[in-house]
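Architecture and fold: a report
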Protein chains: 8
Amino acid sequence: MSDTSDHDHKYSHIHERVDESIDARDDWARRRRKGIPTDENLLVVACMDERIPVEDALGLELGDAQIYRNAGGKVTDDVIRSAALTTNFFETDEIVVVNHTDCGMMSASDDDVAAGLKVQAEAAGVDLDEVDLDPALPALDIGDASVEEWVRMTDDIDETCAAQVEFLENHELIPDDVTVSGYVYEVESGELRRPGERVAEEISERRV
Amino acid sequence: MSDTSDHDHKYSHIHERVDESIDARDDWARRRRKGIPTDENLLVVACMDERIPVEDALGLELGDAQIYRNAGGKVTDDVIRSAALTTNFFETDEIVVVNHTDCGMMSASDDDVAAGLKVQAEAAGVDLDEVDLDPALPALDIGDASVEEWVRMTDDIDETCAAQVEFLENHELIPDDVTVSGYVYEVESGELRRPGERVAEEISERRV
Amino acid sequence: MSDTSDHDHKYSHIHERVDESIDARDDWARRRRKGIPTDENLLVVACMDERIPVEDALGLELGDAQIYRNAGGKVTDDVIRSAALTTNFFETDEIVVVNHTDCGMMSASDDDVAAGLKVQAEAAGVDLDEVDLDPALPALDIGDASVEEWVRMTDDIDETCAAQVEFLENHELIPDDVTVSGYVYEVESGELRRPGERVAEEISERRV
Amino acid sequence: MSDTSDHDHKYSHIHERVDESIDARDDWARRRRKGIPTDENLLVVACMDERIPVEDALGLELGDAQIYRNAGGKVTDDVIRSAALTTNFFETDEIVVVNHTDCGMMSASDDDVAAGLKVQAEAAGVDLDEVDLDPALPALDIGDASVEEWVRMTDDIDETCAAQVEFLENHELIPDDVTVSGYVYEVESGELRRPGERVAEEISERRV
Amino acid sequence: MSDTSDHDHKYSHIHERVDESIDARDDWARRRRKGIPTDENLLVVACMDERIPVEDALGLELGDAQIYRNAGGKVTDDVIRSAALTTNFFETDEIVVVNHTDCGMMSASDDDVAAGLKVQAEAAGVDLDEVDLDPALPALDIGDASVEEWVRMTDDIDETCAAQVEFLENHELIPDDVTVSGYVYEVESGELRRPGERVAEEISERRV
Amino acid sequence: MSDTSDHDHKYSHIHERVDESIDARDDWARRRRKGIPTDENLLVVACMDERIPVEDALGLELGDAQIYRNAGGKVTDDVIRSAALTTNFFETDEIVVVNHTDCGMMSASDDDVAAGLKVQAEAAGVDLDEVDLDPALPALDIGDASVEEWVRMTDDIDETCAAQVEFLENHELIPDDVTVSGYVYEVESGELRRPGERVAEEISERRV
Amino acid sequence: MSDTSDHDHKYSHIHERVDESIDARDDWARRRRKGIPTDENLLVVACMDERIPVEDALGLELGDAQIYRNAGGKVTDDVIRSAALTTNFFETDEIVVVNHTDCGMMSASDDDVAAGLKVQAEAAGVDLDEVDLDPALPALDIGDASVEEWVRMTDDIDETCAAQVEFLENHELIPDDVTVSGYVYEVESGELRRPGERVAEEISERRV
Amino acid sequence: MSDTSDHDHKYSHIHERVDESIDARDDWARRRRKGIPTDENLLVVACMDERIPVEDALGLELGDAQIYRNAGGKVTDDVIRSAALTTNFFETDEIVVVNHTDCGMMSASDDDVAAGLKVQAEAAGVDLDEVDLDPALPALDIGDASVEEWVRMTDDIDETCAAQVEFLENHELIPDDVTVSGYVYEVESGELRRPGERVAEEISERRV
């Protein structure tokens, strides 16, 4: 049995409600063409690791933020390109960097990585030095830098996180009024911490 | 009231169950150090757009896949670096590329983007040509390529998606036995399609 | 344990609440006899296709609207009869037409349909021209019109939808103050669009 | 924490699962073009009354059945057209007719309806006899039949329901092997009955 | 993690909340000794039939009403005893009688019942006339009345219900200010009706 | 999107499922006329107290059992009448008696009850001895028994419960093969006990 | 589709919300070091029995109260130590003692317990009198007291509970302004009572 | 409508099911008197800290285990007493010790605690040395041990946990076949660890 008192009489005709819903969907689908920014004007830069629930950890919902993720959550030229575009053209005014413990970027020595890639390149019939680093931008070149530098392994994840916040804050293609913060996600506890603030570290012993 | 018949007598002592759970958590937290791959041996490459529910669209859960995301879901040197690492060192054997309609990479002309970035660089006191593209790898250089090429705008998202699958399949740092597929996510319907297979296109008119 | 503070003391005796509920049920069951209109004073005209969730698509609940459905959601004399009755006798003041993509009315040529019906009529021992189109109203006749015209196949669903809104707006048996709107339901996306506004059409290519 | 043992290893690669889902959606969206019938090969003919939950009453889900609805759930030429199309071209082999109690078709006398429509026609500046009954098929004509006959009021809903089942069973455009049944939906109890089987009728008095 | 802001600081110490809960339970358990009436000051008299959801039909919760049920929901001396007690000693001021359709009291003839009981009494070695009608009150006697009268079969449930309301309203042991109402529960629709108001009766035929 | 593989193909046509459901409803509504017993062949005799959740306490669902309830859950001539009918004519083969703690039948002295009823009778203008105990069976008489005996107050609920089981087991109108049991419902714990088995009694003190 | 109107604009940047959440977690994890008391400033002293849902019975949530539990819920020197610490150093100002019926401390005689422990001590190769009662505090000694006194069996749980409240109220290491209460948990009903207030005791018999 | 096919015909009469349920409740309420052990034959020794969800952390349900809790989760004479009783008389064959990080026992220096208690004792008018440590066992004495030793502060929680497991394993009043284990609960992650296995410790830096 229908209870007529439940009806929301915001609309005098049903087609008005349908029209409003059609317009909302159009705004969503053509958001980029219409110049509508993300709901939180936010870019997240995080590691591509399978254990990082980026949206949950930051309390984000679909539509809130653009999410850049690569191996290590490292600031590369691709991060600069992506951040420059969104801050200059899509009204993004905040960047949050998320690194994490037990990162793959800390799990091997530089030598082991270089040796492994050398084997693969040779299996493909080329020298590691001759590999085309960017198939769609052949002009891209790392000059005298070594493959190890290009791969960007990490010694200390807290230092790395802090350094990357600084890189982004100072970069010329990112406007000065963009706010940049950084956090380390602890895969062992499922919580974020500020770089260097390891909660677990001191609390199993008598305080002095 | 407790029903003793519900107990799972897999364990003769409770500490065995606790120990098993502690070991499972250790495997999760130290997964990279212990050489445990992602649950689906999968790398996803997708756009960083805020409207793309990457995990939901592909039916993935936390732990299943590494997820690379940048502006446009474009194959850059950072994608090559990330893909080379995971396929050579983390047992990943499948790559899925996800582009999408109404992408920001299709929403402006090359000239508009170049002009906008030039203004920002000059506001920061440098020439656009002199900008350091990678703050952590100063040796990185795009030679004669233009800023427009570096930014990588797109004309047709279906063609782009197909091309990127080919780039990844042929790259020397990615082993031959890695499977690569590509899809376009339609933000207007919330569904994936294979590149070029636009379901909506022909079905509003009489078939002949 | 009962919490006496939860009781709604709107009624001083329980039989008052029971009486009220009996009266509400009587109003529902004898609604037509008592001259109570639909909760939204609405008639929907839609296709009988099995994939169209008419109520969900329009946000309607049981009791809100009368729902006319036939093959194609086409405006026929039966639509006119039904619409004339409800707008003149049941206080309905809005009509919404819902057509849809991939309609059966677009899936065959006029000739194929005519040929198929001819075979069936002959199997039943009559000529297609002699078939009684309305068993309860033998006087009904389509004169010189062909069976193809009676069946009403469609070339373009968006044009058809717009035309039907116009037919209803102009019909002499439908009062002038009735509001008429039309939508196309996209079975591929599960969304309504206004006729001609195909969201998906242009957003996979660079805007100019 | 992810439990790798939960994974369904039906697929060796994720893209196989995605491909399967894309194909299923294509079958749904292009069902008519591909010649896929309704899931239950069923056409329902029901009244357009706002109180009839057609799908719930018959236990149907989206995709199961085509649903024809008009004023009264009367068998008109439009029902014949719709039924002829689906049984001859879409593999439908069952028709269920659903009439209901307290129908609007029983709530007025023939004279009152004729008088009301006459007033409306004249308000629109035409004689009731001159009204175009079908704006898209001007050739349609009811000859000597009266407007009252065209409107088709009902005296007894159980008799009407049974008669309509017979009309459909005997019509030349509907193949002989189509099964036809009819039910009356009781709006006062929310239940279906077979025509004439009024459960409530005798059970308040002593059986003899 | 606990959110201290959620605490309800109605109590300065936890034992105050515990004490309050202990007192509430004591009021519930010793309700009769403490002279606390039912929450709705209500007595329901209904049939013992297994299909009657007495509380649901009347919208009652545990604690609201005393519920008298016997074969037929008939007003007997036991009803008078129970009603006299609750209205005179427990503050009850409303009585609702619930009879129902398809009652066992209408399903046999007086003769069949008398014959059946006679067989049983004889199987137990006594004459039906000699049976002790009330094992705890041997003085109880029905004088010249027949067993058929004692068993109280019914011809018309609506008439019976109305008569019972009158019996209770007029009885000397029930105070004048007690409100008495009666309803018939329709087992076929699961709804209550007022005696004589059969909703289903006329609405399948044209109103005149 | 509909998944055709979910369909239960027990029925080749939908009308078969509808017919089955109509028949089940008819069996329910005409159960008494068709001679269908309660689902558990059970009669419960309980007190009418508002705190007794009879169905929940015994684990019964609608349709399982007939439920007789009066003041005190006392075995009266009305209980005998009701039990005789259901055991002899409705296939009932089990009776469960449920008394309870803090019963109203234990909350006053015989003298107080007699005095109270005398006041009420006199307010109605009659002597207590002249009151018609059964308005529908005027022949009913309690002879030399006093009003106190008719009202049946109780001293010990466990003894009362056990005595009532015995009354029912031995009564001539109840067949010998009917199983009779009795329980006391503890309103303070919400649990049933067998008469005399007070769980709470000894467990606050050292066992000897 | 994201509804931007749902966003809580308490924060102008997302990192502010993340920072707040990190600080809340730090407060929780370092609560003792930071001198944050329990949410309810409460210590509960209860029996270690497996059937006592201490938190549920008192309506407590994680973080609300410290919970001391030992065999019998007896006030021992360990209770005094724990209570002295929390009331003097952690701002606890309320103590609630919870004993219960059917306690293990009431289930054996002093002699049986002494005999059983003697057997075990001898099996371990020592005299019961020589057993080290506290392995971490060898100086602890019970002087002339017997093992039976140390084990503390109970005769009456209500008396014991009341006595323990008094012990705690009067102890010199517990500040005077600490509130102390005591309850007995009834395992047979799942409810708390105040010592001596046995609800169940008298309500099965006629009140006098 | 009741579906008779759902009934579980394990019982031929309902009273059998009721009897079984009454017996189960009796076993629960008189468990100790009947000699029924805990469902998991387990004793847990844990800290009384308000942040430790003992049952959840170990996966226990009501009835599974006895749970001893005191300040620090320290093994005192009260633990020995409680453990000796349950292992010798209640069939317990497993003990699990749970200590935790940020324990109050690590949050102050020995001197601060001694000074604080001295102030409180003097406020109560006694010397700290003269305080009665156990009001119900005045003979209890700690001899030459200091109040600091009695209070048992901790320097390293992992060492403490391991030491306590050893104390219990070796104690003469605890049978040899009792299994003892120990865990540290990390309040910052909500997880258990084995003593000394700090997951978080090494994984933020490059492994060597």
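An unreviewed UniProt entry annotates chain A as Carbonic anhydrase originating from Halobaculum gomorrense. Of chain A, the UniProt comment under Sequence similarities (unreviewed entry) reads exactly: "Belongs to the beta-class carbonic anhydrase family."

Summing up its helical and strand segments, chain A has six helices and five strands in all. Taking 208 residues into account, the globule formula puts the C-alpha radius of gyration at 17 Å, and chain A, at 23 Å, lies well above it. The principal-axis extent of the C-alpha atoms belonging to chain A is close to 75 × 60 × 40 Å. In chain A, which comprises 208 residues, the share counted as buried stands at 61%. By sequence separation, contacts in chain A at least 24 residues apart represent 67% of the contacts at least 6 residues apart. A total of about 7900 Å² of accessible surface is found on chain A, and carbon and sulfur atoms cover 43% of it. Looking at charge distribution, chain A has the averaged site of its 19 positive side-chain charges lying 6 Å from that of its 52 negative ones.

With that out of the way, let us pick up the packing of helix α4 (residues 77-89) of chain C against helix α5 (residues 110-123) of chain D. Where α4 of chain C contacts α5 of chain D, the two axes come as close as 11 Å, and the packing angle between them is 90 degrees. Here α4 of chain C lies roughly perpendicular to α5 of chain D, going by the angle between them. For the pair α4 of chain C and α5 of chain D, the contacting residues are Ala84, Leu85, Asn88 and Phe89 of chain C in the first and Asp112, Val113, Gly116, Leu117 and Gln120 of chain D in the second. For the contact of α4 of chain C with α5 of chain D, the residue count by class is five nonpolar, three polar and one charged.

Structural alignment of chain A on chain B gives an RMSD of 0.1 Å, achieved by rotating through 180 degrees and translating 0.0 Å along the axis. The operation mapping one copy onto its partner corresponds to a two-fold rotation axis. By residue overlap, the copies meet face to face through one surface: 100% of the interface positions of chain A are interface positions in chain B.

As a further point, take the interface of chain A and chain B. Contact with chain A, which involves 80 residues of that partner, is made by 81 residues of chain B. Between chain A and chain B the total buried area reaches about 6800 Å² when both faces are included, carbon and sulfur atoms providing 62% of it. The interface formed by chain A and chain B includes ten salt bridges. Aspartate 49 of chain A is the salt-bridge partner of arginine 32 of chain B, the closest N and O atoms lying 2.8 Å from each other. Counting across the interface, chain A meets chain B through 47 residue pairs in polar contact (both at pLDDT 80 or more). Contributions of two or more residues to the side of chain A that touches chain B are made by α1 (14-29), β2 (65-70), α3 (77-89), α4 (110-123) and α5 (147-151) of chain A.

Evaluation of the coordinates by the stated rule reveals 192 salt bridges over all chains. In this structure, aspartate 23 of chain B and arginine 194 of chain H form a salt bridge, with 2.6 Å as the shortest nitrogen-oxygen distance. Of this pair, aspartate 23 of chain B sits in helix α1 (residues 14-29) while arginine 194 of chain H sits in the segment after β5 (191-193), on two different chains. For arginine 194 of chain H, a relative accessible area of 22% gives the class partly exposed. Salt-bridge contacts for arginine 198 of chain C lead to glutamate 205 of chain B; the nearest nitrogen and oxygen are separated by 3.5 Å. Taken together, the positions of arginine 198 of chain C in the segment after β5 (191-193) and glutamate 205 of chain B in the segment after β5 (191-193) put the pair across two chains. With relative accessibility at 15%, the residue arginine 198 of chain C sits in the buried group. Within this structure, Arg31, Arg32, Arg33 and Asp39 of chain A together with Asp49, Glu50, Arg51 and Asp102 of chain B form a network of salt bridges that share partners.

Between chain C and chain A, which share one sequence, the superposing operator has a rotation angle of 90 degrees and an axial displacement of 0.2 Å; the RMSD is 0.1 Å. These values place the two chain copies in the arrangement generated by a four-fold rotation axis. Here only 3% of the interface residues in chain C have copies in chain A that are interface residues too; the copies meet through unlike faces.

With that settled, consider the interface of chain C and chain A. How big an interface is tends to be stated in terms of accessible area lost as the parts join. Listed by partner, the interface residues are 30 residues for chain C and 18 residues for chain A. At the boundary of chain C with chain A, total buried surface from both sides reaches about 2200 Å², with 52% on carbon and sulfur atoms. The tally of links between chain C and chain A comes to three salt bridges. Summed over the shared surface of chain C and chain A, the number is eleven residue pairs in polar contact (both at pLDDT 80 or more).

A few words now on helix α1 (residues 14-29) of chain F. Between its first and last C-alpha atoms α1 of chain F spans 23 Å; for 16 residues at 1.5 Å apiece the expected length is 22 Å, and the two agree. The set of residues buried in α1 of chain F consists of Ile14, His15, Val18, Asp19, Ile22, Arg25, Asp26, Trp28 and Ala29 of chain F. Along its buried surface, α1 of chain F packs onto β1 (42-47), α3 (54-58), β3 (94-100), β4 (179-186) and β5 (191-193) of chain D together with α2 (31-34) of chain F.

Once that is clear, we can look at the UniProt feature "binding site: Zn(2+)" (unreviewed entry) in chain A. All names here are of chain A. Taken from the UniProt record, the annotation "binding site: Zn(2+)" (unreviewed entry) applies to Cys47, His100 and Cys103. These residues run over 57 residues, yet every pair of their C-alpha atoms falls within 8.3 Å of each other. Mapped onto the elements, cysteine 47 comes out in strand β1 (residues 42-47). We classify cysteine 47 as buried; its relative accessible area is 4%. Among residues more than four places away in sequence, those in contact with cysteine 47 are Arg69, Asn70, Ala71, Gly72, Gly73, Val98, His100 and Cys103. With respect to the secondary-structure elements, histidine 100 resides in strand β3 (residues 94-100). Discounting residues that sit within four places of it in the chain, histidine 100 has contacts with Cys47, Asp49, Arg51, Ile52, Met106, Ile157, Val184, Tyr185 and Val187.

Each value, and the rule that gives it
- Residues numbered from 1 in each chain as written.
- Chains lettered and ligands numbered in written order.
- Predicted model: local features only at pLDDT ≥ 70, side-chain atom pairs only at ≥ 80, totals over all residues.
- Heavy atoms only, no water.
- UniProt positions renumbered as here; feature names shortened; annotations may be inferred.
- Helix = DSSP H or I, 4+ residues; strand = E, 2+ residues; numbered from the N terminus.
- Rg over C-alpha atoms; globule rule 2.2 N^0.38 Å.
- Buried < 20%, exposed > 50% of the residue type's maximum accessible area, 1.4 Å probe, protein only.
- Contact = heavy atoms within 4.5 Å.
- Areas by Shrake-Rupley, 256 points an atom, 1.4 Å probe, with all protein chains shown as cover.
- Lys, Arg positive; Asp, Glu negative; His and termini not counted.
- Charge placed at Lys NZ, Arg CZ, Asp CG, Glu CD.
- Axes fitted to C-alpha atoms, helices over the stretch in contact; angles between N-to-C directions.
- Parallel < 35°, antiparallel > 145°, perpendicular 65-115°, else oblique.
- Nonpolar A, V, L, I, M, F, W, Y, C, P; charged D, E, K, R; others polar.
- Least-squares fit on C-alpha atoms with pLDDT ≥ 70 in both.
- Buried area = accessible area lost by both parts, 1.4 Å probe.
- Salt bridge = Lys/Arg side-chain N within 4 Å of Asp/Glu carboxyl O.
- Polar contact = N/O pair within 3.5 Å; in protein donor to acceptor, adjacent residues only side chain to side chain.
- Expected span 1.5 Å × (residues − 1).

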